[in-house]
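Structure assessment
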Amino acid sequence: MKLTPRLALLLTLPPLLWAGNAVVGRLVRDDIPPMALNGLRWLLAFALLAPLARRLLTRPGDALRRWRGLAWLGFLGMGCYNALQYLALHTSSPLNVTLITASMPVWMLGVGAVCYGVRPRRRQLAGAALSLAGVAVVIARGDPAALLAVHFVPGDLLMLVAIFTWAVYSWMLARPAPGLRPGERPDWNWAEALMAQLMFGVVFSGVAAGAEQFVAPAAIHWSPTLVAVLAYVAIGPSLIAYRCWGLGVAEAGPALAGFFVNLTPVFAAVISAALLGLAPAWYHGVAFALIAAGILVSSR
């Protein structure tokens with residue numbers, strides 16, 4: 001697979017937007033419960049996407065005939081991954097969450113090998129090692145001894161589960177899911193394809209939000225900041241990122257795409273530093289170079 005500038009941009013935008021998602025998710029953790037944040041995010045995304053996917057909404061039978069595969073995509077990509085991430089941010093930091101996300105290449109290669117019979121190549125393994133080295137540089141802040149002082153919390157375990165669901169979701173995007181065989185793929189545009197997943201994702205995220213209020217009722221503290229965060233997570237990390245990720249995975253394949261997720265902790269560190277009025281450190285540049293090298297090696 002040749003890594004073109006267009007493909008690189010498609011696969012770089014999602015990590016950038018997802019890094020911002022982790023930072024703002026932590027920012028409003030005391031203002032809105034995690035399942036409610038995820039449910040409102042996808043409900044707003046559904047409303048924004050509806051005018052562009054009007055043909056699908058007027059003919060829902062096209063999606064209902066393929067409900068098994070679409071339900072899995074909605075459950076894994078929208079009902080599980082994002083909800084678990086917001087829940088993880090209640091006990092974990094944005095940097096920790098995005099650093100755990102950087103284990104994505106390993107999960108991608110593992111799911112591909114176990115579930116789809118796609119054995120990783122040596123270059124992919126070498127690329128994974130380089131990318132993880134870049135992540136280690138960020139964790140250590142340029143000091144290898146600092147790795148011994150890293151502490152993990154319950155949210156980190158939740159994030160590991162979330163990463164596994166995202167790896168499966170990404171492979172299902174590239175490989176036909178049950179009920180979506182190659183010859184049965186509908187003639188949907190990008191908005192309709194995403195809306196077909198959202199029709200089920202909104203249901204799963206809504207049920208989770210309702211269960212959360214039943215088990216542990218918590219009020220939503222509305223403010224201009226929370227409204228701005230909801231607008232951002234519904235447009236950037238949802239519509240734009242999912243659109244770019246779907247195109248990138250279809251063109252590059254899940255294994256290569258997974259390496260780009262390692263850019264997320266670098267972006268998260270820079271965004272967090274910017275919000276605190278601090279300039280990025282030298283080790284962020286080193287980490288970026290190592291992760292980029294891992295992407296280049298694995299794409300050859």
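A quick note: this is a predicted structure, and the numbers were derived from the prediction, not measured.

Considering the packing of aromatic side chains
- Applying the stated criterion to the full structure yields 13 aromatic pairs.
- Between Trp166 and Tyr242, the ring centres sit 5.4 Å apart and the planes meet at 80°, which makes this aromatic pair edge-to-face. Here Tyr242 lies in helix α11 (residues 224-252) and Trp166 lies in helix α9 (residues 154-174), a separation of 76 residues in the sequence.
- Given a relative accessible area of 1%, Trp166 falls into the buried group.
- Look at Trp166 and Trp245: their rings are 6.0 Å apart centre to centre, the planes differ by 45°, and that puts the pair in the tilted class. Of this pair, Trp166 sits in helix α9 while Trp245 sits in helix α11, and the two are 79 residues apart along the sequence.

Details of the packing of helix α1 (residues 5-27) against helix α5 (residues 67-88)
- Running from N to C, α1 and α5 point in directions that differ by 45°, and their axes come no closer than 9 Å. As the angle between them shows, α1 and α5 are arranged oblique. The interaxial crossing formed by α1 with α5 has right-handed handedness. For the pair α1 and α5, contact is made by Asn21, Ala22 and Gly25 and by Asn82, Gln85 and Tyr86, respectively.
- A breakdown of the residues in the contact of α1 with α5 according to their chemical character gives two nonpolar, four polar and no charged.

Here we look at the environment of Leu132
- With respect to the helices and strands, the residue Leu132 is situated in helix α8 (residues 122-140).
- You can call Leu132 partly exposed: its relative accessible area is 34%.
- If we ignore the near neighbours within four places in the chain, the residues touching Leu132 are Ala102, Ser103, Val106 and Asn262.

Details of the pattern of salt bridges
- Taken as a whole, this structure holds two salt bridges when the rule is applied.
- We note a salt bridge from Glu251 to Arg6, for which the minimum N-O separation is 2.6 Å. Of this pair, Glu251 sits in helix α11 while Arg6 sits in helix α1, and the two are 245 residues apart along the sequence.
- A salt bridge links Arg55 to Glu192, with the shortest nitrogen-to-oxygen separation between them at 2.6 Å. With Arg55 in helix α3 (residues 54-58) and Glu192 in helix α10 (residues 190-215), this residue pair connects regions lying 137 residues apart in the sequence.
- Accessibility expressed as a relative area gives 36% for Arg55, which makes it partly exposed.

Regarding α5
- Over its 22 residues, α5 extends 29 Å from the first C-alpha to the last, a length consistent with the 32 Å expected when each residue adds 1.5 Å.
- Of all bends in α5, the biggest is about 30°, found at Phe75.
- Of all 22 residues in α5, 17 are buried; the element is thus mostly enclosed.

Quick notes on the rules
Residues numbered from 1 in each chain as written. Predicted model: local features only at pLDDT ≥ 70, side-chain atom pairs only at ≥ 80, totals over all residues. Heavy atoms only, no water. Phe/Tyr/Trp six-rings, centres within 6.5 Å; stacked < 30°, edge-to-face > 60°. Helix = DSSP H or I, 4+ residues; strand = E, 2+ residues; numbered from the N terminus. Buried < 20%, exposed > 50% of the residue type's maximum accessible area, 1.4 Å probe, protein only. Axes fitted to C-alpha atoms, helices over the stretch in contact; angles between N-to-C directions. Parallel < 35°, antiparallel > 145°, perpendicular 65-115°, else oblique. Left-handed = near helix turned anticlockwise from the far one by under 90°. Contact = heavy atoms within 4.5 Å. Nonpolar A, V, L, I, M, F, W, Y, C, P; charged D, E, K, R; others polar. Salt bridge = Lys/Arg side-chain N within 4 Å of Asp/Glu carboxyl O. Expected span 1.5 Å × (residues − 1). Bend = angle between axes of the 7 residues up to and from the residue.

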